[in-house]
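Structure at a glance
Each chain, written out:
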Amino acid sequence: MSETAALTDDFAYAVLSAVAEIPEGKVATYGQIARLIGYPKNARLVRAFSRMRNITATIPVTVW
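Residues numbered from 1 in each chain as written. Predicted model: local features only at pLDDT ≥ 70, side-chain atom pairs only at ≥ 80, totals over all residues. Heavy atoms only, no water.

All right, on to helix α1 (residues 9-20) then. Spanning 12 residues, α1 covers 16 Å between terminal C-alpha atoms, matching the ideal 16 Å at 1.5 Å per step. The inward-facing, buried residues of α1 abut α2 (30-36) and α3 (43-53). (Helix = DSSP H or I, 4+ residues; strand = E, 2+ residues; numbered from the N terminus. Expected span 1.5 Å × (residues − 1). Contact = heavy atoms within 4.5 Å.)

The share of residues in the chain with pLDDT of 70 or more is 75%, and the mean pLDDT across the chain is 80. Confidence, expressed as mean pLDDT per element, reaches its minimum in the chain at α3 with 86 and its maximum at α2 with 94. (pLDDT = per-residue confidence, 0-100.)

Side chains that are three or four residues apart share a direction in an α-helix, a result of its 3.6 residues per turn. Regarding α3, the residues found buried are Leu45, Val46, Phe49 and Ser50. Buried residues in α3, looked at end-on, bunch into an arc of 135 degrees, giving them a common side. Opposite the buried face of α3, at more than 90 degrees from it, the exposed residues are Arg44, Arg51 and Met52. Tucked inside the fold, the buried residues of α3 contact α1 and α2. (Buried < 20%, exposed > 50% of the residue type's maximum accessible area, 1.4 Å probe, protein only. Arc of directions from axis to C-beta.)

Following the sequence through the fold, Pro40 ends up in the loop between α2 and α3. Sequence-wise, Pro40 and Tyr30 are 10 residues apart; in three dimensions their C-alpha atoms are separated by 9.7 Å. What Pro40 contacts, discounting residues up to four positions off in sequence, is Ala34 and Arg35.

Dropping the structure here:
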């Protein structure tokens, strides 16, 4: 994958898949999720996507 991502269906699927792997009661930073899906410089895009989908209310993601 490239270093720069765009908010595509593939990116959204990758973010949601990575977030689904976070064990209950654990948290991950947006940067950790971005690295897990192969876009280490796109933590802000992960955050933007999570805010658009309102997944922060139901999935344990935190920012440090």
